[in-house]
Amino acid sequence: MFAKRAALCAAITALTATAVAACGGPSSAPTTTSGSGGTSTIAIGLQFATINFNPWLVPNGPNYSLNYTSAVYDSLTTLTGPDKVGPGIATSWTEPNPTTLEMTLRPGITFADGTPLDAAAVKANFDYARTASPAGSLVTYIKNLTTTVVNATTVRFTSTVPVTDLPFDFATGAGFIVSPKALAHPSSLNDQPDGSGPYTLDASGTTSGQQYTFTRRATYWNKAAFPYGKVTLRVYSSQQALDSAVRSGQVQVAQGAAQTNAADKAAGLTVVPAPQITTAGIWINDEAGAAVKPLGDVRVRQALNYAVDRKAIAALGFGADGTATSLVVGPDSPGYQANAAASYPYDPAKAKALLAQAGYPDGFTLPMLSTQSGDLLAQAVAGYLRAIGVTVQISDHNTDFVQQATSGRWASMVFEWSMDPAAQSIASLVSANFGPHTPQQNAQIQALAAQVLGTTGTAQSTAIDQAVATINQQAWFVMVGTVGLTYSTANTVSCTDLGLATCLLSSLHPAK
């Protein structure tokens, strides 16, 4: 079943204070959506700036970089509705056998630098992505691919695993194509994109880390899909500031939170619901114990799980929008079993006993990467861990959270992760390079990823169940629960359901 791909969402927005603080983003007059025919404008509120404009290296999370990348890059395929993949750069495709995908490309597309987007350009992208260093988050999806140029408008992908989900993966982050000229000098993409997408970056309206303005490409081939003449992405320091911005009209679209949905509705905003496919909790990056030795013992990691009253945290933070679970999947995702979800009941006495058995009766110190919007989750978990002797040192990194998360420096961090489709999501989750791994653990992680990606049907369902059970038993995470990430929009904006459960740029258009 097609649905939202896995992605690192660099915030925990569900556990935020109910009070609405003053806007923390760049000040400017409210942006309007009046007008038609591509002359209207829209402002979208986000909590994080882009790392760079290289779509192969940034996390393509639905609440993070997809709004940046989809503004300036075309994708091989697109989503046209829930569970529906439609044409993009590729006008059609066939699967001659289960491990081969052949695509026909749209002729006449050019990059912003004038270079033609042809099969050679597509091959250059996938060849680059497979060997880029550091490896991007999309490597899991394309590492098994060999790309062949059949002719200028035909490209063939062959894989060591089934390619059934590849068109969907292309539509949700793994199919953005960059100009080969830019890929030859990747550092050029740090501040300046080079794509064939609907917009170009307007330097005069851009302040890195605060605001990014995009203006329409006059020659773009698919203007109807992106009706706005100008798009502004504004970055805010907290969920409270973001919510204040959408209520005041500074932005017309922003991710919501359980505590603010009712007030947003009362203020005349439209709250777009979402299924509970996003997991939230603490990621144990250092399960090898390289930086924090106790974490290398599974008993310690299990102790952290027994120490946390996830039902209490989820009830406070998620309300009716979430479900407490110790699993990396929720009730709306494959691999979920209710009895396993309760496999770490709140039991501080057992947690202390496990710590003592592992040789840490007095606890230890655990550094934790967080953000301002994630602090309530971090503080809630830290309070429970403190009761068993574990001192959590929380460090906030707001604008550079993703850079920090991918640096390998942090033993733990707060996180959200979309778990749909489950196979690709689990494979990304366990093979992402966020922390050090011992060779033994790394082999186990890669084996899990191979099982869920290399099978289909009943075999894949079995592999997903096994992967979820192994992840849970190994306690690589301190999960709190699953939640549906809502969005709030002005009544001048309509958010079409494309199956992403989020209001991305490609799903937004003026309300009729």
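Because the structure is predicted, anything quoted here is derived from the model rather than measured. (Residues numbered from 1 in each chain as written. Predicted model: local features only at pLDDT ≥ 70, side-chain atom pairs only at ≥ 80, totals over all residues. Heavy atoms only, no water.)

Counting 70 residues, the largest nonpolar core has Val328, Phe364, Leu385 and Phe477 as its most contacted members. Excluding anything up to four places from it in sequence, Phe364 contacts Val292, Pro294, Leu295, Val300, Leu304, Leu355, Gly389, Val390 and Thr391. Counting residues in hydrophobic clusters, the runner-up holds 61 residues, among them Ala71, Leu117, Ala121 and Ile177. (Core = buried A, V, L, I, M, F, W, Y, C linked by side-chain atoms within 4.5 Å. Buried < 20%, exposed > 50% of the residue type's maximum accessible area, 1.4 Å probe, protein only. Contact = heavy atoms within 4.5 Å.)

Strands sit in the order β5-β6-β8-β7 across an open sheet of 4 strands; the sheet is antiparallel. Two strands close off the open sheet at either side, each with one partner strand: β5 (90-97) and β7 (145-151). On average, each strand axis in the sheet is inclined to that of its neighbour by 20°, with strand direction left out of account. Together, β6 (100-105), β7 and β8 (154-159) form the strand contacts of helix α2 (residues 119-131), whose direction differs from that of β7 by roughly 165°. Packed onto the sheet, helix α4 (residues 166-174) meets β5, β6, β7 and β8 and runs at close to 50° relative to β6. (Pairing = 2+ DSSP bridges. Helix = DSSP H or I, 4+ residues; strand = E, 2+ residues; numbered from the N terminus. Axes fitted to C-alpha atoms, helices over the stretch in contact; angles between N-to-C directions.)

What follows concerns the state of the cysteines. By the definition in use, this model includes 1 disulfide. Covalently, Cys495 is tied to Cys503 through a disulfide, its sulfur atoms 2.4 Å apart. Disulfide Cys495-Cys503: the torsion about the S-S bond is -110°, which places it as left-handed. The exposure class of Cys503 is buried, given its relative accessible area of 1%. (Disulfide = S-S within 2.5 Å.)

A few words now on helix α8 (residues 298-307). In terms of residue burial, α8 counts as a mostly covered element, since 8 of its 10 residues are buried. Within α8, burial applies to Val300, Arg301, Gln302, Ala303, Leu304, Asn305, Tyr306 and Ala307.

At Ala475, a residue that is not glycine, the phi angle is positive and equals roughly 55°. Tracing the sequence through the fold places Ala475 in the loop between α16 (457-474) and β19 (477-483).

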